[in-house]
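Chain and residue survey
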Amino acid sequence: MAMRPDGTRVRDLTAIMQVLPYVMPKRYDAQNWAEENLDEDAIRDYIRAKRREGRSVTHMSLLVSAYYRAVLKNPKINYFVMNRRIYKRNHFCFSFVILKTRADGTPDETSLKVYLEPEDTVFTVTEKIRSTIEKNQNVRHNNDTDRFAKFAFGVPGLARAVFGLAGFLDRHDLLPRSIIELSPFHTSLFVTNLASINTPCIFHHCYEFGTTSVFVCMGRPVPDPLAPEGVRKKIMPMSVVMDERIATGIEYSRFFAELFRNLKHPESLEEPFNSVLAEKAAVK
């Protein structure tokens, strides 16, 4: 099939791009790792400046905003591979995990997914993240993903059958839109902020189930080893694990250059993200 609820098959591929999913049929075959150090002091200065203006911005909303703005300029980063075929995703969303506390006081986790639009800004992204977290931190609230998991694992043997069927339908472009919207693994980007739990940066795999092509992790800020003697400066390690089958090396290079340019100049994220398309057209 040429279309799925979440994407359209890409036909105009170079020979090498068509071959890669056959050479590396699994997502874990095609994972590349990269690490970058973000200027934590500059990010915190910007966050504090916005707070003094009465506006809320977080590390995650900044990163996701910079990422999405870069994707609009480099759309192949939002492609995904399913059953050796490459698809162009017809939306942008990101998934992440939050900690919550059950009614009995025990800690728990839940996965959330947020959809972004080209007209968004860093401020609307911050609000979308805040409202989604606020809703799902309620001890009595279980989101659709939680309820589905509870149902699937409530009957012996059912989970294996359910996920086996879902995987089969997904590979043949038959998975219903409702299930894709439910699944945090069908996402443009999976991001985790380990700095929020004071944990070092890790390289997190991209899930084989679903369509996650990129996983980004923000780690605990550390002193900058390259700072001049006597200068106290912090950096935030950031790791990226990506599916190399969706874009060429030069396309990834251009994407990351745009991503880090956005993070270096976060004020650009205060404008609607699709303004970058006008900039791209002007360059042409």
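Below or above, wherever it landed, is the structure these notes cover.

This brings us to helix α2 (residues 40-52). The end-to-end C-alpha separation of α2 is 18 Å, in line with the 18 Å expected for 13 residues at 1.5 Å each. Taken residue by residue, α2 has Glu40, Ile43, Tyr46, Ile47 and Lys50 as its buried positions. Within α2, the buried residues cover an arc of 130° as seen down the axis, which keeps them to one side. Of the surrounding secondary structure, the elements contacted by the buried residues of α2 are β3 (31-39), α3 (59-73), α4 (122-136) and β11 (234-243). In this structure aspartate 39 caps α2, since a side-chain oxygen of it lies 3.2 Å from the backbone nitrogen of aspartate 41.

Counted residue by residue, strand β9 (residues 214-218) has five buried out of five residues, so it is predominantly covered. When strand β8 (residues 189-193) meets β9, the two strands line up parallel, connected through four bridges. Pairing of valine 191 across the sheet is with valine 216, part of β9. As paired elements, β9 and β11 share five bridges and run antiparallel to each other. The residue bridging methionine 218 from the neighbouring strand is methionine 238, located in β11.

Looking now at the state of the cysteines. Under the defined criterion, the tally for this structure stands at zero disulfides. Summary of cysteine pairing: cysteine 201 is not part of a disulfide, and the nearest cysteine sulfur, belonging to cysteine 217, is at 4.1 Å. For cysteine 217, a relative accessible area of 1% translates into the label buried.

Okay, the pattern of salt bridges next. As enumerated under the stated definition, the model contains 17 salt bridges in all. With its nearest N and O atoms 2.9 Å apart, the salt bridge here joins lysine 233 to aspartate 39. Placement of lysine 233 in the loop between β10 (222-223) and β11 and of aspartate 39 in strand β3 is noted, with a sequence separation of 194 residues between them. The shortest N-O distance in the salt bridge between arginine 85 and aspartate 173 comes to 3.5 Å. Highlighted residues: arginine 85 in strand β5 (residues 85-89) and aspartate 173 in the loop between α6 (158-171) and α7 (177-182), separated in sequence by 88 residues. By relative accessible area, which is 16% here, arginine 85 ends up buried.

Conventions adopted
Residues numbered from 1 in each chain as written. Predicted model: local features only at pLDDT ≥ 70, side-chain atom pairs only at ≥ 80, totals over all residues. Heavy atoms only, no water. Helix = DSSP H or I, 4+ residues; strand = E, 2+ residues; numbered from the N terminus. Expected span 1.5 Å × (residues − 1). Buried < 20%, exposed > 50% of the residue type's maximum accessible area, 1.4 Å probe, protein only. Arc of directions from axis to C-beta. Contact = heavy atoms within 4.5 Å. Polar contact = N/O pair within 3.5 Å; in protein donor to acceptor, adjacent residues only side chain to side chain. Pairing = 2+ DSSP bridges. Disulfide = S-S within 2.5 Å. Salt bridge = Lys/Arg side-chain N within 4 Å of Asp/Glu carboxyl O.

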